[in-house]
Amino acid sequence: MTEGVNTARSDLLGGAGWAGFGLLIVAESLRMDRFKSMGAELYTMPGFVPGMIGSVIVLLGVILMLRGWRRRNTAAAAQDGPAPPVLNRRVLATLVLSLVYAAGLIGRAPFWLATALFVAAFVWCFAPPEQAHARRLLAAVLAGVLTALVVTLVFQYVFLVRLP
């Protein structure tokens, strides 16, 4: 019974955090230069894609909040113990891995290598603990290599973006 209340609270707080983050992205994308003097249209403006991504993050955050609100109303009215911490081990691992990737690897190593290492480490950290060691390693390496390959090829040959 307490588990439902904890999950509902986590969904409410997490959804609010994601919605706020998405709104920040949308606000900053609207502040970007529109390059109208260079003849840029709506779909070619630099802030268009970040604005769309921010909007999707807002939408998903609101959906998560609604899910938490619904669960909260159907869960127990009273909660016996304290609320679970918002910054738990998984959130901290995500933050550390993301910061190492963004601040430590990008720009210092080839993009494909940095991305492969990041994805492999992420998959390794969040694979089910009961999974066999060899399978966990294989899944992490495959996910890292394939993700790096696809992302690099798509950005360089579809979006025509040179990666660091």
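Use the structure listed above.
Note that the structure is a prediction, hence the values are computed from the model and not measured. (Residues numbered from 1 in each chain as written. Predicted model: local features only at pLDDT ≥ 70, side-chain atom pairs only at ≥ 80, totals over all residues. Heavy atoms only, no water.)

### A short note on the overall build of the protein
In step 1: Check the secondary structure of the protein and you find five helices and zero strands.
In step 2: Expressed as a percentage of its 164 residues, the buried residues of the protein come to 23%.
In step 3: Within the protein, counting contacts between residues at least 6 apart in sequence, those at least 24 apart form 66% of the total.
In step 4: As displayed, the protein has an accessible area near 11700 Å², and 71% of this comes from carbon and sulfur atoms. (Helix = DSSP H or I, 4+ residues; strand = E, 2+ residues; numbered from the N terminus. Buried < 20%, exposed > 50% of the residue type's maximum accessible area, 1.4 Å probe, protein only. Contact = heavy atoms within 4.5 Å. Areas by Shrake-Rupley, 256 points an atom, 1.4 Å probe, with all protein chains shown as cover.)

### Digging into the environment of Ala120
In step 1: Relative to the elements of secondary structure, Ala120 occurs in helix H4 (residues 111-126).
In step 2: Sequence separation between Ala120 and Ala148 is 28 residues, and the spatial gap between their C-alpha atoms is 9.8 Å.
In step 3: If near-sequence neighbours (up to four positions away) are discounted, Ala120 is found in contact with Ala140 and Gly144.

### Observations concerning the packing of helix H3 (residues 89-105) against H4
In step 1: Look at H3 against H4: their axes get within 10 Å of each other, and the N-to-C directions meet at 170 degrees. Taken together, H3 and H4 sit at an angle that is classed as roughly antiparallel. For the pair H3 and H4, contact is made by Arg90, Ala93, Thr94, Leu97, Ser98, Tyr101 and Leu105 and by Phe111, Ala114, Thr115, Leu117, Phe118, Ala121, Phe122, Cys125 and Phe126, respectively.
In step 2: Partitioned by chemical class, the residues of the contact of H3 with H4 number 12 nonpolar, three polar and one charged. (Axes fitted to C-alpha atoms, helices over the stretch in contact; angles between N-to-C directions. Parallel < 35°, antiparallel > 145°, perpendicular 65-115°, else oblique. Nonpolar A, V, L, I, M, F, W, Y, C, P; charged D, E, K, R; others polar.)

### Overview of the packing of H4 against helix H5 (residues 133-158)
In step 1: One can describe the packing of H4 onto H5 by two numbers: an axis separation of 7 Å at closest approach and a directional angle of 145 degrees. Like other packed secondary-structure pairs, H4 and H5 cross with a definite hand, here right-handed. Between H4 and H5, the residues in contact are Phe111, Trp112, Thr115, Ala116, Val119, Ala120, Val123, Trp124 and Cys125 and His133, Arg136, Leu137, Ala139, Ala140, Ala143, Gly144, Val145, Thr147, Ala148, Val151 and Thr152, respectively.
In step 2: Here the contact of H4 with H5 is built from residues that sort into 15 nonpolar, five polar and one charged. (Left-handed = near helix turned anticlockwise from the far one by under 90°.)

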